[in-house]
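One-letter residues, chain by chain:
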Amino acid sequence: MPASLLWAVDVYGRVYSLSTAGQLWEQCRDAQMEFKRVTAAQQCCWGIACDNSIYLNVHASDLPVRYQEETYENQRWNPVDGFSERLLPSDRWQWSDVTGLQHQPLDSFGLPSSSWEWEADWHVDENFEGEPTEKGGWTYAIDFPANYTKDKKWNSCVRRRRWLRYRRYKAMDTWAKIPSQPTTLPDPFSDLSCGGWEINEEPRGRLSLWAVSLQGKVWFREGIYHQNPEGSLWAEMPLPGEVVQISCGPGDLIWAVLWEGQFIVREGVSRDCPKGTSWALVDSPSPDVGATHVAVGVNVVWALTKDNKVWFRRGVNSHNPCGSGWISMIGEMTMINVGLNDQVLAISCEDRGVYFRQGVTCSELSGKTWRAINVPRDGDRSHSSASASSLQSAGCYFCGEVRAPSASDVESDTDKGSTDGTSRLITSTSPPLGVDEPTDLSDQPVETPKPRIPKVTSDSFISELVSDREPGKSSGPAGPPVLEEEPVPGEEEVTAPGAHVALSPSQAGGPSDHQWSNVDLEEVQAQQAPAGAVVDSADTCSLSSVATYTLAMEDPYGADEHPLWAWVSGGGCSVDSHSQLSWFNCSMNASSLVQSVQSMSLSVTPAQTAAWKRQIFEQLSERTKREMDNFRHYEQAIEQSVWVKKGTMQWWRDWKPHKWIDVHFALEQFSGPEGNKDGILFIYYNFNEEKKYLHAFINEVTILVPVLNDSKHTFAIYTPERTKQRWPIRLAAATELEMHDWLALLSVSCCDSRGIQGPPSKQAMWSITCKGDIFVSEPSPSLEAMPYPTPCDQMFWRQVGGHLRVVECNSVGIVWGIGYDHTAWVHTGGYGGGFFQGLASSTDNIYTQVDVKSVYIYENQRWNPVTGYTNRGLPTDRYMWSDASGLHECTKTNMKPPSPQWTWVSDWVVDYSVSGGTDREGWQFAADFPASYHGHKTLKDFVRRRRWARKCKLSTTGPWQEVPPISLSDVTILPCAAQNSVDVVPLWAISNKGDVLCRLGVTALTPAGSSWLHVGTDQPFKSISIGAASQVWAIAKDGSAFYRGSVSSQSPAGDCWYHIPSPAKQKLKQVSVGRTSVYTVDENGNVWYRQGVTPSYPQGSSWEHISNNVRKVSVGPLDQVWIIADKVQGSQGLSCGTVCHRLGVQPLEPKGQSWDYGIGGGWDHITVRGNSMEPPRIRLPSLTAPAPQSPLPVRSTEVNGNAVGCSTHT
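Residues numbered from 1 in each chain as written. Predicted model: local features only at pLDDT ≥ 70, side-chain atom pairs only at ≥ 80, totals over all residues. Heavy atoms only, no water.

Below, the discussion takes up the overall build of the protein chain. Helix and strand counts for the protein chain stand at nine helices and 77 strands. Split into buried and exposed, the 1210 residues of the protein chain put 52% on the buried side. Of the contacts made within the protein chain by residues no fewer than 6 positions apart, 61% connect residues no fewer than 24 positions apart. For the protein chain, the accessible area works out to roughly 55,600 Å², and carbon and sulfur atoms hold 51% of it. (Helix = DSSP H or I, 4+ residues; strand = E, 2+ residues; numbered from the N terminus. Buried < 20%, exposed > 50% of the residue type's maximum accessible area, 1.4 Å probe, protein only. Contact = heavy atoms within 4.5 Å. Areas by Shrake-Rupley, 256 points an atom, 1.4 Å probe, with all protein chains shown as cover.)

Okay, structure coming up:
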């Protein structure tokens, strides 16, 4: 999971953030003033400054915050002027909103605050419902208001067009003041809390911000979402009393504390009413001691009373926001906060430290114990573990001693009188100061000049090296010590030049004669006393140079040995029970010291790394060849052996009635004289009291597939013959572990028999099943050969660890994937993972992968005249709780996760994001089951349904590394990239919200790239593909197609979008672009080929229908076409999700001739965009010469057919 931030404010008003992947509180340097409180979400942080105003800090992202302003220009036709601005008195405004009720001229739009800027000027939107309009963007109708069309008709009396302009939020990673409300100004704020992002996913990034004023009033900030992070206005909430503090959770929990020490709970909070409807009163945990603080999460409420006791509220959920009772917890805290996943943070009243509640899980929401967060702060010159953490933060390790010419420490009177009793060291390389000019700089600002230390990443080690001195060690009169570093072996000795600094008697406490001191590193490491010291300068060329420090400039607040915190917010901190945090122990062991040394080494470029790796490989190859050649005349000492592994399983028998029967399963493996391995599978069963067996040769097995089954641990074995029949060998093991053992063993045996080892090749083809399992196949050169291609049912597929929904690759080995939760992953070059162990998996490049998906069920109801809509249907109706088809009964209680590997992570909730829209309660209406559903009720609607969703999570391992932080829905990589490993490869993607992105810095050595470049669009997109010569095609969410112009290596994002008309009455959903071919799939399963695509006219001319019942299409770098097809005929019926290959694709016939059926069903995705292997040229035999035997078997295929045998238009 990507790193997230924990925010905190210390007692001096300085704001800090702590990353879940870090070990340092980083100060928010941008803050121009002190802050009182902060409240965080994942995308932003709100705060109350010392002026009682509210500020917003939006985290920077590769996705910009853009707001679309729109207005409509309206015109009416008259016989004299034609269409003109002269409207009837009863008409709408000439410039209005979409309803025509609000006057909106172009010059009436302004920027809401100084945090915004205009991207460009106004422009006309020339897209209407997925279709391009005529030049000018006008749409026509009979009158206002009416249904508009893009075509002008004889009775079109009015017309309108939409004008667009975008403004961009520019105040990223900085504190921006929320503008004052122009009308009724609320009194100054004293508390605030944000949350509510789980109530409704639309609009994107919606937040609820609640604030408390000094007079005890509660205010709600309306209109906060991604495109408008500042919100629009404040609305005052009615209250039963005066409030002192409020807390809002990620969901619908909102609690507040009254002045009297009681709680009020907001009720009626819902998707359509995020402000709620009423307040309910809850008593304090202790009748004699009132409450002072409350913190809520998703299903938890924590509270503090005036005696600093901690209380936990049990029985809290969305249906019972008030809970049922209080439980006293251990600890005394001054404030408490609940973060994501109901994790709890608090500030102790004893030491003002931040504490984290360990052991909080879904089953134990109260946790187990408090644990202090013990990490240093950014800018601290000393802290409790000075020796360890200073070394760690500096990223370096010094051995031996750091010596100076003489020994004397300096201690001033002011230092003696300080509370911490620390001493100050005085060194400087600046010119000497006069005695009559005291160097008292204690009132200087906080900003501390940093040392000029060449080749050292941090100055904190040097700072603490000089500052961590015990007062008792000082002796003799004060003088400025000069440090000299002990030379590193092999380097020249470098001495920092000493500079004389004269001090006044009040500062030095003695005469200003110059004394010197020894600084022993081992001694310093053992000391704990902190002291402030500030770098002046140090100019050396040594890799481990030492900085010198001035005496007088210091932090105005002092360098606290233990930071004092005033407020903490974990609303943007994503931590769960499995997170590995390094917040609690700053000690440094030997391994971390070694890492520190390594971190100081000069950077090595990827090209240099590849060069020496290649050199080592060549040397090893030469040595192996030299050693092997001397022993080739000896007979190989390879034992020809046979071994057998047996077990008991259940087999889904081939004949009717189909049922599970107990069988004995055996794998017999043997080694040949050449060392090659092969084997046979045997399945022994009884039929009519007669023992029989079924067998399959290992070298004929084409794939081993885990089968989705919630009751049995099942897998399937395919051979070419069974692939044609769509009827594999189905086996069920007794336990999940046994199934995985057999799958791993069989997979290794199949790979050994075919000589396949190691990671997938750059030319490999990737596919994904409906279950999310990832498979890869090594294509043969004759796969695309003409006229005898290799049948695709003979391809061998092996499984790769991980879990994905989409995968894309190219011919230089760059592979990206997208999970069900829209997380982006990049292939690391490893293999195996998951249940593969030992030789079946690489030892490195394997990482943990987590995926989350939603399980859906439908609640169905029918209307009757007496009771209205009820769950009593007709005898012929579907189940009242069912799946999407209505054929299977699915209730909330009996619905299980997809397989035993998945676990529930949420409760059932109504899903409002259903195609076709819903009403406020999530219902969709139709005339009958099944039919087309819509989100509003009409007189003819007699049935309705609503979808319920529940999230489940899968944890596995595989050769995949996460690419944070933007969630993606589609990705595409240039299939024909340059062969140089350092050349940049174009990669485009679409975020899960429809933003188009271009990835920068993607190469063969750095496949993850560096950053995202946002490409502006006027509407959200859902599919994208890049082909040869950087042809970028995309599909918008309304089903329209677009072509991106002028994309090149100099302009990776191109310049503009060209609207391509869709096929008649069809909405496209997916596109794939090859070398010269462009294929798309529409929402009805039709696949289309774009005619007339040429280098001079890359947009093409028209669409040509190729086939139907197609789910996905993938066009390779040689224009090869592969699809996932539905309703493919098998021996037992139709099969959905079958891999099919288009035969006969040639430069003169890019549409091909027929389909060849491969593995399936149950497949959901395939990509062939890495297979750039040119097929061998086969000479056809002469008509007069005798025909030689074909090198490959001739496959009977359906000529001019499609994936299902329906009519094909060619």
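This part covers the sheet that holds strand β1 (residues 5-10). Consider a sheet: its strands pair through backbone hydrogen bonds, and that pairing is either parallel or antiparallel. Read across the sheet, four strands follow the order β3-β2-β1-β36 without closing on themselves; strand pairing throughout is antiparallel. Each end of this open sheet is capped by a strand with a single partner; those strands are β3 (26-27) and β36 (565-569). Across five bridges, the pairing between β1 and strand β2 (residues 15-19) is antiparallel. In the strand pairing of β2, Val 9 is matched with Val 15. (Pairing = 2+ DSSP bridges.)

A word on the side chain of His 293. With respect to the secondary-structure elements, His 293 resides in strand β25 (residues 291-296). What His 293 contacts, discounting residues up to four positions off in sequence, is Gln 245, Val 257, Phe 263, Trp 302, Ala 303, Leu 304, Met 335, Ile 336 and Trp 567.

The next point concerns the pairing of strand β17 (residues 189-195). In terms of burial, β17 is largely enclosed, as six of its seven residues are buried. Sheet analysis places β17 next to strand β18 (residues 208-213), joined by six bridges and oriented antiparallel. The partner of Phe 189 across the bridge, within β18, is Ser 213.

Here we have four strands laid out as an open sheet, ordered β4-β5-β6-β16, and antiparallel in their pairing. Looking at which strands have only one partner, the edges of the open sheet turn out to be β4 (35-40) and β16 (175-177). Direction aside, the axes of adjacent strands within the sheet are offset by 30° on average. Where strand β6 (residues 54-58) lies against β16, three bridges are found, and the strand directions are antiparallel. Note that in β16 the partner of Asn 57 across the bridge is Trp 175. (Axes fitted to C-alpha atoms, helices over the stretch in contact; angles between N-to-C directions.)

Here we come to the packing of aromatic side chains. Two measures describe an aromatic ring pair: the distance that separates the ring centres and the angle between the ring planes. Taken as a whole and judged by the stated rule, the model has 44 aromatic pairs. Taking 6.4 Å as the distance between ring centres and 80° as the angle between the ring planes, the aromatic pair formed by Phe 1042 and Trp 1057 counts as edge-to-face. One end of the pair, Phe 1042, is in strand β64 (residues 1041-1045); the other, Trp 1057, is in strand β65 (residues 1056-1060), and 15 residues separate them in sequence. Across this residue pair, the class does not change: Phe 1042 and Trp 1057 are buried. A network of ring pairs unites the aromatic residues Trp 7, Phe 35, Tyr 55 and Trp 175 as a single cluster. Positioned above the aromatic ring of Trp 923 is the side chain of Arg 944, whose terminal nitrogen or guanidinium carbon lies 3.9 Å from the ring centre. (Phe/Tyr/Trp six-rings, centres within 6.5 Å; stacked < 30°, edge-to-face > 60°. Lys NZ or Arg CZ within 6 Å of the ring centre and 35° of its normal.)

With that settled, the discussion passes to the nonpolar core. One finds Trp 816, Leu 968, Trp 988, Trp 1012, Phe 1021 and Trp 1057 to be the most contacted residues of the largest nonpolar core, which totals 35 residues. Counting residues per element, the ones that place at least two in this core are β48 (815-818), β49 (824-827), β58 (968-973), β59 (987-991), β60 (996-1000), β61 (1011-1015), β62 (1021-1027) and β63 (1031-1036). No other element matches the four residues that β59 contributes to this core. One finds Trp 7, Ala 8, Ile 347 and Trp 583 within the second-largest nonpolar core, a separate group that totals 31 residues. (Core = buried A, V, L, I, M, F, W, Y, C linked by side-chain atoms within 4.5 Å.)

Let's shift gears to the pairing of strand β50 (residues 847-864). Alignment of β50 against strand β56 (residues 943-958), held across 16 bridges, turns out to be antiparallel. Note on β56: the bridge partner recorded for Glu 859 is Arg 946. Pairing of β50 with strand β52 (residues 881-882), which is carried by two bridges, proceeds in the antiparallel orientation. Counted as the bridge partner of Tyr 858 is Ser 882 from β52. Remark: three residues form the turn of the hairpin made by β50 and strand β51 (residues 868-870), two consecutive strands paired antiparallel.

Here we take up the environment of Thr 292. Structurally, the position occupied by Thr 292 is in strand β25. In the structure, Thr 292 is positioned 35 residues away from Val 257 in sequence and 6.6 Å away in space, judged by C-alpha atoms. Residues contacting Thr 292, with those up to four places away along its chain left out, are Gln 245, Val 257, Leu 304, Thr 305 and Lys 306.

The subject of this paragraph is the state of the cysteines. If you walk through the whole model with that rule in mind, you get zero disulfides. In this structure Cys 45 is not part of a disulfide, and its nearest cysteine sulfur, from Cys 44, lies 7.4 Å away. Of all cysteine sulfurs, the one in Cys 1136 lies closest to Cys 770, which takes part in no disulfide; the gap is 8.8 Å. Cys 770 gets classed as partly exposed once you look at its relative accessible area, which sits at 36%. (Disulfide = S-S within 2.5 Å.)

Along the chain, Lys 656 connects to Pro 657 via a cis peptide bond; the corresponding omega equals -5°. Relative to the assigned elements, Pro 657 resides in the loop between β37 (642-652) and β38 (660-671). Backbone torsion omega between Pro 964 and Pro 965 reads 0°, so that peptide bond is classified as cis. Relative to the elements of secondary structure, Pro 965 occurs in the loop between β57 (960-962) and β58. Backbone geometry places Asn 308, a non-glycine residue, at a positive phi of 70°. Of note, Asn 308 is situated in the loop between β26 (301-305) and β27 (309-314).

As a further point, take helix α9 (residues 736-754). Because each turn of an α-helix spans 3.6 residues, side chains separated by three or four positions in sequence point in the same direction. In this model α9 runs 27 Å from its N-terminal to its C-terminal C-alpha over 19 residues, within 8% of the 27 Å that 1.5 Å per residue would give. Those residues of α9 that fall on the buried side of the exposure criterion are Met 739, His 740, Trp 742, Leu 743, Ala 744, Leu 746, Ser 747, Ser 749, Cys 750 and Cys 751. Positive phi shows up at Gly 755, right after α9, with a value of about 70°. (Expected span 1.5 Å × (residues − 1).)

Glancing now at the side chain of Asp 877. Within the element layout of this structure, Asp 877 appears in the loop between β51 and β52. With relative accessibility at 15%, the residue Asp 877 sits in the buried group. Here the side chain of Asp 877 touches Arg 862 through a polar contact of 2.6 Å, side chain to side chain. At a separation of 2.8 Å, a polar atom in the side chain of Asp 877 contacts the main-chain amide nitrogen of Leu 874. If we skip the residues at most four places from it in the chain, Asp 877 touches Arg 862, Asp 928 and Phe 929. (Polar contact = N/O pair within 3.5 Å; in protein donor to acceptor, adjacent residues only side chain to side chain.)

Right, let's talk about the environment of Ser 193 for a bit. With respect to the element layout, Ser 193 can be found in strand β17. According to the relative accessible area criterion, Ser 193 is buried, its value standing at 7%. It is 9.5 Å that separates the C-alpha atoms of Ser 193 and Arg 37, two residues lying 156 residues apart in sequence. With near-sequence residues (within four places) excluded, Ser 193 lies in contact with Thr 39, Ser 208, Leu 209, Trp 210, Ile 246, Ser 247 and Cys 248.

On to the confidence of the model for the protein chain. Across the protein chain, pLDDT averages 80, with 78% of residues at or above 70. Low pLDDT, under 50, characterises residues 587-603; the predicted model gives this stretch 18 contacts beyond four residues in sequence or across chains. Counted against residues more than four places away or in other chains, residues 1182-1210, with its pLDDT under 50, gives 58 contacts. (pLDDT = per-residue confidence, 0-100.)

The subject of this paragraph is the environment of Ile 990. Its location among the elements puts Ile 990 in strand β59. Classification of Ile 990 by relative accessible area gives buried; the value is 0%. Note: C-alpha distance between Ile 990 and Pro 1020 (30 residues apart in sequence) is 8.9 Å. Aside from chain neighbours lying at most four places away, what touches Ile 990 is Leu 968, Ser 969, Asp 970, Asp 995, Phe 1021, Lys 1022, Ser 1023 and Ile 1024.

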